[in-house]
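Structural overview
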Amino acid sequence: MSRYSAQQSSISENNRSRILQYLYHNGICSRAQIAKAIKLTPAAITKITAKLLAQGIIDETGDMDGDKNRRSIGLNLNCAKYHIIGVKFARSLVQIAVFDLKCNRIFLSDLPTVSEEHIPETVERIRDTVRQLIEDDPSIVAVGMAVPGPYLKDEGRTALVSSMQGWRQINFIDEFSNAFSVPVFVEQDARAGALAQFLFNPELSEGSLAYYLLGEGIGLGIIDNGTIYYGAHGTATEIGHISIDVNGKPCDCGNHGCLERYCSANAIHEMLNKQPYIVPGCETMTHAQACAALFAKNAAGDEATAELTSEIARYIGYGAVNIINAFNPTHIVLGDIVSQAGQPLLDEVKQVVRERTIPEVSCNTEITLSALPTDATVTGAAAVAITNFLEHPSMFFDVA
């Protein structure tokens, strides 16, 4: 392909993407409305939408009101027709879900708890499960995967997975990119979660968004004016490995006092195992179960759990202070396992921010709990695939 042809192809793909994204976010629109909104000629819109219609990506919905009382034919992106698989990797927990393009959940399953020595078997189980889902549902068009950071996006592997280093041996691109009959997209888990918040919550689509992942690890994804922040190798915003105590607990990363050693689900479970009277039977629970039991007792007014939950929340607040000082986001959204502590957690985090930030810097940052109906990371995995579906339609259909 000549340079000119490649450039034209890129422009055409960009225009197709702009049309799909406009329909995705605005619902049924006329050709004239789309042309005006994205500043293309009506003739160009007609030509592009004809190919999208022929492939069934969009539908005509019948007459609708147009300018100057003219009748127009509505166009609609067929969001229910296409399905996406999302896969969440979280050390001991792997979730697989199927969504439509609007991220309405169709299916969700947790694989058996993953142990260090059985990671290769888990990878094979994921391949088998996803293949079966695709075979059973021909409307599945892509797979998105959310993996722990720091994820080296060009290499396809994670540089460190604290508390379960066996995942470092897995190259996600090698293991999954050609494993299925549909395209696969891999993203760091907190960035995937940020993308889900951005894509499915219109209130968070303006300004800069920080998704603060409080799971088996601690992560951060930043989207600034619609652009994901990656850094040189895709490992930026690894807040879980920012030290909050230079003489503190040692971390697998080589640092001391890393944030995730004090407020991740793994760290919380470790604390409970040392004080088993707080949550009896916690030794046999998963990290998520132990946290859920702690937060349930706290909600019921148990004093011992209240003290521990408050301590955990303050550490999360220290992380929020760092997020505000480093990135000054419009929104910070708390999500994943530990965010299920709910309003008491949120109140304590806000209190720490009030105590430890410059008011003029933090006053315009809104801190909230994730409002997504499904786990933000598995939803984020799907969001990664949906974003690529909207941005690169020629990867999925013959629309050139």
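A few points on the structure. (Residues numbered from 1 in each chain as written. Predicted model: local features only at pLDDT ≥ 70, side-chain atom pairs only at ≥ 80, totals over all residues. Heavy atoms only, no water.)

Along the chain, Ala196 turns up in helix α6 (residues 189-200). Relative accessible area serves as the criterion here: at 0%, Ala196 is assigned to the buried category. Taking C-alpha positions, Ala196 is 6.1 Å from Thr379, a pair spaced 183 residues apart along the chain. Not counting residues up to four positions away in its chain, the partners in contact with Ala196 are Asn201, Leu372, Ala376, Thr379, Gly380 and Ala383. (Helix = DSSP H or I, 4+ residues; strand = E, 2+ residues; numbered from the N terminus. Buried < 20%, exposed > 50% of the residue type's maximum accessible area, 1.4 Å probe, protein only. Contact = heavy atoms within 4.5 Å.)

Attention now moves to unusual backbone geometry. Backbone phi values are negative for most residues with the exception of glycine, while trans is the configuration of most peptide bonds. Going from Gly149 to Pro150, the amide bond is cis rather than trans, its omega being 0 degrees. Note on placement: Pro150 falls in the loop between β7 (140-147) and β8 (151-152). In this structure, Lys39 takes a positive phi of about 60 degrees despite not being glycine. Of note, the phi angle at Arg91 is positive, near 60 degrees, even though the residue is not glycine. Along the chain, Arg91 turns up in the loop between β4 (83-90) and β5 (93-100).

Another point: the nonpolar core. Judged by nonpolar contacts, the single largest core of 56 residues is most densely connected at Tyr24, Ile57, Leu77, Phe200, Ile386 and Phe389. With ten residues, the single largest contributor to this core is helix α13 (residues 376-391). In this structure Phe389 touches Leu20, Ile57, Tyr82, Leu101, Val141, Phe396 and Phe397, once residues within four positions along its chain are discounted. The next biggest cluster of nonpolar side chains, apart from the first, holds 42 residues, and it includes Cys282, Ala313, Val338 and Val352. (Core = buried A, V, L, I, M, F, W, Y, C linked by side-chain atoms within 4.5 Å.)

Right, let's talk about the packing of aromatic side chains for a bit. Scanning the model with the defined rule gives 14 aromatic pairs in all. Look at Tyr315 and Tyr318: their rings are 5.5 Å apart centre to centre, the planes differ by 85 degrees, and that puts the pair in the edge-to-face class. Of this pair, Tyr315 and Tyr318 both sit in helix α10 (residues 303-327), three residues apart, which is roughly one turn of that helix. Like Tyr315, the residue Tyr318 is buried in the burial classification. Through a chain of ring-to-ring contacts, the aromatic side chains of Phe89, Tyr151, Trp167, Phe172, Phe176 and Phe180 assemble into a single cluster. Lys153 extends its terminal NZ or CZ atom over the ring of Tyr230, reaching a point 5.6 Å from the ring centre. (Phe/Tyr/Trp six-rings, centres within 6.5 Å; stacked < 30°, edge-to-face > 60°. Lys NZ or Arg CZ within 6 Å of the ring centre and 35° of its normal.)

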